[in-house]
Amino acid sequence: MNKQPLRGLEPGTLTEEQIGEYLVAHPEFFERHPGALARLKLPHHQRGNAAISLVERQVLVLRGKHATLGQKLHELIENGRSNDAITNRVHRLTRRLLRARDLASTVAALETSLREDFGASRWVLLITNPGLPGLTAQLGPQLRAVPRGSPELRIFESFFESARPRSGQIRDTQRDYLFGADGGQVGSTVLVPLGERASLGLLAIASHDTERYLPTMSTDFLVRIGEIVSEAIVARGA
């Protein structure tokens, strides 16, 4: 066997890390020492005390990396499909709202879309600009008008300050205020600000399913929904 010292390494000072780095940097080492490659045996953790060759171990490592990459690719594909589905739902909502001729038909279009496309069991439009033209005639359980400075809205103060959508569980006081006697049946909720800095109010969407609206869900599409609904309310309420 070739007795020459390892190139670039000083004898007597070798560490495991240095040896590993040397072999990676000098793949021709095993070409110069084919006997060493043939004698290398590595323990196989899935076969107890059985040993496998270095080549077999490399194949196993590559298979593991392939499986990991395959899983990541699968997740990317699923995320893409999910995003496409959400985009289509938002598109259908937009088309329905564009076809609405007045505030009443706007509320009806929103009702249809939220229930059919977004899995809403209940929903409420809380308008904090009661002076919006045409609003009073349409007020009801799902369309409510409360001035922004009203004491009863203090429970939403942090939400209005952040003006960002929230999803998951909301406080009991908020749930009961929005959904009244039906609040106990609400499993998860989405709060969407309406208007610039939530100046128009909020849209609350609720589901019986506790897993329907999770805190980890993306809120980008909720921002878009808030913008679309806000524009429709202002345009049809004028």
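In this report, the structure presented in the accompanying data block is examined.

A look at helix α7 (residues 172-179)
Next, step 1: Among the residues making up α7, those that are buried are Gln 174, Arg 175, Tyr 177, Leu 178 and Phe 179. One face of α7 carries all of its buried residues, which in axial projection span an arc of 165°.
Next, step 2: Next to the buried residues of α7 lie β3 (122-127), β4 (143-145), β6 (188-194) and β7 (201-207).
Next, step 3: Among the residues trailing α7, Gly 180 stands out with phi positive, at a value near 55°.

Digging into the packing of aromatic side chains
Next, step 1: Counted according to the given criterion, the structure contains 3 aromatic pairs.
Next, step 2: Plain terms: the ring middles of Phe 156 and Phe 160 are 6.4 Å apart, the flat faces sit at 65° to each other, and that makes the pair edge-to-face. Residue Phe 156 shares its accessibility class with Phe 160, and that shared class is buried.
Next, step 3: Of note, Arg 144 hangs over the ring of Tyr 177, and the distance from its end group to the ring centre comes to 4.8 Å.
Next, step 4: Directly above the ring of Phe 160 sits Arg 148, whose terminal nitrogen or CZ lies 4.1 Å from the centroid.

Section: the pairing of β7
Next, step 1: Of all 7 residues making up β7, 7 are buried, and the element is well covered by its neighbours.
Next, step 2: The alternating pattern of β7 places Gly 201, Leu 203, Ile 205 and Ser 207 and Leu 202, Ala 204 and Ala 206 on opposite faces, both of which are buried.
Next, step 3: Of the strand pairs in this sheet, β3 and β7 are connected by 6 bridges, and their pairing is antiparallel. Bridge pairing in β7 places Ile 127 opposite Gly 201.
Next, step 4: Across 7 bridges, β6 lies against β7 in antiparallel orientation. Opposite Ser 188, over in β7, you have Ser 207 as the bridge partner.
Next, step 5: With antiparallel pairing between neighbouring strands as the criterion, β6 and β7 make up a hairpin whose turn holds 6 residues, including Gly 195 at a positive phi of roughly 85°.

Focus: the pattern of salt bridges
One side chain can pair with another of opposite charge once the charged atoms of both are near each other.
Next, step 1: For the structure shown, the criterion picks out 7 salt bridges.
Next, step 2: Between Glu 116 and Arg 96 there is a salt bridge; the shortest N-O distance is 3.2 Å. Here the residue Glu 116 occupies a position in helix α5 (residues 103-117), and Arg 96 occupies one in helix α4 (residues 54-99), the gap between them amounting to 20 residues.
Next, step 3: For Arg 96, a relative accessible area of 18% translates into the label buried.
Next, step 4: A cluster of three or more residues bridged by salt bridges with shared partners is formed by Arg 92, Arg 96, Glu 116 and Asp 117.

A word on unusual backbone geometry
Next, step 1: Backbone geometry places Arg 197, a non-glycine residue, at a positive phi of 55°.
Next, step 2: Along the chain, Arg 197 falls in the loop between β6 and β7.
Next, step 3: Its identity is not glycine, yet Ala 198 carries a phi of approximately 60°, on the positive side.
Next, step 4: Note that Ala 198 resides in the loop between β6 and β7.

As for the sheet that holds β4
Next, step 1: Spatially, the 5 strands line up as an open sheet ordered β4-β3-β7-β6-β5, and their pairing is mixed. Each edge of the open sheet carries a strand with a single partner, namely β4 and β5 (166-168). Averaged over all adjacent pairs, the angle separating strand axes in this sheet is 15°, with direction ignored.
Next, step 2: Of the strands in this sheet, β3, β4 and β7 touch α5, which is tilted by about 145° from β3.
Next, step 3: Against the sheet, α7 engages β3, β4, β6 and β7, with an angle of about 90° to β3.

Concerning the environment of Gln 142
Next, step 1: If you trace the backbone, Gln 142 turns up in the loop between β3 and β4.
Next, step 2: Residue Gln 142 is classed as partly exposed on the basis of its relative accessible area of 26%.
Next, step 3: The spacing of Gln 142 and Val 124 is 18 residues in sequence and 4.4 Å in space, taken between C-alpha atoms.
Next, step 4: Of note is the side chain of Gln 142, whose polar atom sits 2.9 Å from the side chain of Glu 111.

Rules and cut-offs
- Residues numbered from 1 in each chain as written.
- Predicted model: local features only at pLDDT ≥ 70, side-chain atom pairs only at ≥ 80, totals over all residues.
- Heavy atoms only, no water.
- Buried < 20%, exposed > 50% of the residue type's maximum accessible area, 1.4 Å probe, protein only.
- Helix = DSSP H or I, 4+ residues; strand = E, 2+ residues; numbered from the N terminus.
- Arc of directions from axis to C-beta.
- Contact = heavy atoms within 4.5 Å.
- Phe/Tyr/Trp six-rings, centres within 6.5 Å; stacked < 30°, edge-to-face > 60°.
- Lys NZ or Arg CZ within 6 Å of the ring centre and 35° of its normal.
- Pairing = 2+ DSSP bridges.
- Salt bridge = Lys/Arg side-chain N within 4 Å of Asp/Glu carboxyl O.
- Axes fitted to C-alpha atoms, helices over the stretch in contact; angles between N-to-C directions.
- Polar contact = N/O pair within 3.5 Å; in protein donor to acceptor, adjacent residues only side chain to side chain.

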